[in-house]
Structures are given as structure tokens and as C-alpha cells.
Amino acid sequence: MHEQAMVWVTDHRVDADVIVDVGGRNANYGTAQHLWPDAGRYEIIDLHEGPDVTWVGDFFDYEPTQPVDLVVCMEVAEHCELWREMLVFAARMTRAGGSLLFTAAGPGRAPHTAFDGSRPVPEGEYYANIEVDDLREALKFAGYGDILVEWGPGHPLGLEPGRELWPGDVYALATTPVDWVPLQPKLRLSE
């Protein structure tokens with residue numbers, strides 16, 4: 001995750017004890033784990049092994065032992081064709097009043113690989129930037145109540161050829177309603 005995304009998440013950090021970090025492997029610029037040094041549990045889920053990864057596999061196969069306080073999803077969704085379903089799955093494991101912190105490549109970011117952020121994206125690897133309105137609608141559909149979605153500066157090295165302005169990232173902080181009843185995450189959208 002790049003510096004601008006880390007700054008946004010730092011500025012919007014919420015208190016949490018049980019945290020799930022989706023795709024949180026340190027692929028290029030570090031992780032967000034240091035923002036919650038007193039967390040009782042900080043699970044880093046990733047498709048690939050790496051430092052601090054606590055669960056290797058597909059997020060849709062992860063089963064938390066209890067509802068979580070916070071799901072962190074930083075710079076992952078643009079690499080996931082099922083990113084909308086990922087938001088629903090995250091909401092299903094979040095306790096009432098729990099939160100989601102989300103960052104992703106927004107309009108104008110040059111495609112980059114999920115493995116280490118380099119370019120070009122290998123053939124067969126999914127990539128698509130996330131639009132602000134699409135993110136807002138997906139969060140509403142997932143059941144989040146209070147939703148903040150912003151567009152901000154992206155990574156300066158991520159400029160698409162021919163663009164004169166820095167591309168942006170999309171950022172979101174969303175909270176489940178206080179009367180929220182977490183569902184068993186294993187209940188997939190297709191079931």
C-alpha cells in the first residue's frame with residue numbers, strides 16, 4: 001500500500017480489538033497493522049504467504065471465530081473481480097457498530113499487478129479501477145449505514161500514460177448499523 005493510502009487510513013483510524021485485514025500481505029510499501037498495536041487479534045488474510053500473514057487463502061473461505069470490530073481492505077479491490085461481494089462478505093462478519101476501512105485504485109490509476117504492484121498486469125490477472133459512485137452503491141447494498149466515500153491523491157508513480165494530473169484513489173469508512181446482526185460469513189451470496 002502506498003503512502004497516500006496509509007495517510008488516509010491513519011487519519012480515519014477507528015478503535016478496534018478484533019481486526020481482519022483483507023489482502024494485507026506486505027507486497028510493496030508495508031501494512032496497516034502498526035496502527036492497532038493494542039489489538040487483541042489482528043488477522044492478515046492473503047492469497048500468498050508473506051511476513052505477518054496469519055491465514056493464507058481466499059477471503060471468501062475465511063471463517064472468523066467471532067464477529068470482528070473492523071475489516072481493513074487496502075489497495076486490494078481493484079484486483080478482485082468480486083469486490084462488491086467482498087464488501088458484503090466483510091459486512092457479514094462485522095459486529096453491530098463495527099467498521100470497514102477501504103482504499104483502492106480509483107479512476108486514472110495505471111493497471112498494476114496484485115503480487116508486487118509492478119506493471120504490466122500479467123495476462124489472466126484481473127484489474128479494474130473502482131469508481132466513487134460504484135463504491136458508494138456497493139457499500140449501501142452490503143448493508144453499511146454511515147458511509148464516507150472520498151476521492152484523493154493516488155500514488156504518483158501510478159499515472160497512466162498521457163495524463164497530466166495525478167490519478168486518484170477511492171477511500172471509504174463505513175459502519176454497520178447498531179442493530180446489525182452479523183451473519184455467518186460462510187453463507188455465500190450464491191447460496
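Our structure is the block above this text.
Residues numbered from 1 in each chain as written. Predicted model: local features only at pLDDT ≥ 70, side-chain atom pairs only at ≥ 80, totals over all residues. Heavy atoms only, no water.

**Q** In this structure, what is going on with the environment of Pro67? I would like to understand it.
**A** Mapped onto the elements, Pro67 comes out in the loop between strand S3 (55–56) and strand S4 (68–74). What makes Pro67 partly exposed here is its relative accessible area of 40%. Through-space distance from the C-alpha of Pro67 to that of Pro182 is 6.8 Å; in sequence the pair is 115 residues apart. (Helix = DSSP H or I, 4+ residues; strand = E, 2+ residues; numbered from the N terminus. Buried < 20%, exposed > 50% of the residue type's maximum accessible area, 1.4 Å probe, protein only.)

**Q** Teacher, can you tell me more about the pairing of strand S7 (residues 168–175) here?
**A** The side chains of a regular strand alternate, first on one face of the sheet and then on the other. The buried fraction of S7 is high, at 8 of 8 residues. Alternating positions in S7 separate into two faces, Gly168, Val170, Ala172 and Ala174 on one and Asp169, Tyr171, Leu173 and Thr175 on the other, with burial throughout. The pairing of strand S5 (residues 94–105) with S7 spans 7 bridges and is antiparallel. By the bridge assignment for S7, Leu100 is matched with Ala174. (Pairing = 2+ DSSP bridges.)

**Q** I'm lost on the side chain of Ser99 in this one. Help?
**A** When you line up the elements, Ser99 lands in strand S5. Note on Ser99: relative accessible area 7%, which makes it buried. Here Ser99 is in contact with Val14, Asp69, Leu70, Val71, Thr94, Leu173, Ala174 and Thr175, once residues within four sequence places are set aside. (Contact = heavy atoms within 4.5 Å.)

**Q** Is there a simple way to think about helix H1 (residues 3–11) in this case?
**A** Think of an α-helix as turning once every 3.6 residues; residues three or four places apart then point the same way. Listed in full, the buried residues belonging to H1 are Ala5, Met6, Trp8 and Val9. When H1 is viewed along its axis, its buried side chains cluster within an angular range of 160° and face the same direction. Exposed side of H1, more than 90 degrees from the buried face: Glu3 and Asp11 are the residues found there. (Arc of directions from axis to C-beta.)

**Q** Got a minute to help me understand unusual backbone geometry in this structure?
**A** Among all residues except glycine, the phi angle is most often negative; among peptide bonds, the trans geometry is most common. For Asp52, which is not glycine, the phi dihedral falls at a positive 70°. Mapped onto the elements of the fold, Asp52 is located in the loop between strand S2 (41–46) and S3. We note that Glu75 has phi near 60°; this positive angle belongs to a residue other than glycine. With respect to the element layout, Glu75 can be found in the loop between S4 and helix H2 (83–92). Classification of Glu75 as buried rests on a relative accessible area of 12%.

**Q** I keep staring at the side chain of Glu43 and nothing clicks. Help me out?
**A** Summarising the element assignment, Glu43 is placed in strand S2. Glu43 has contacts with Ile19, Val20, Asp21, Thr54, Trp55 and Tyr62, leaving out every residue within four places of it along the chain.

**Q** Looking at this structure, how should I read the packing of H2 against helix H3 (residues 132–142)?
**A** For any two helices packed against each other, the geometry is given by the interaxial angle and the distance between the axes. It is the contact of H2 with H3, at a shortest axis distance of 9 Å, that shows an interaxial angle of 40°. The chirality of how H2 crosses H3 is right-handed. Contacts between H2 and H3 involve Trp83, Arg84, Leu87, Val88 and Ala91 from the first element and Asp134, Leu135, Ala138, Leu139, Phe141 and Ala142 from the second. (Axes fitted to C-alpha atoms, helices over the stretch in contact; angles between N-to-C directions. Left-handed = near helix turned anticlockwise from the far one by under 90°.)

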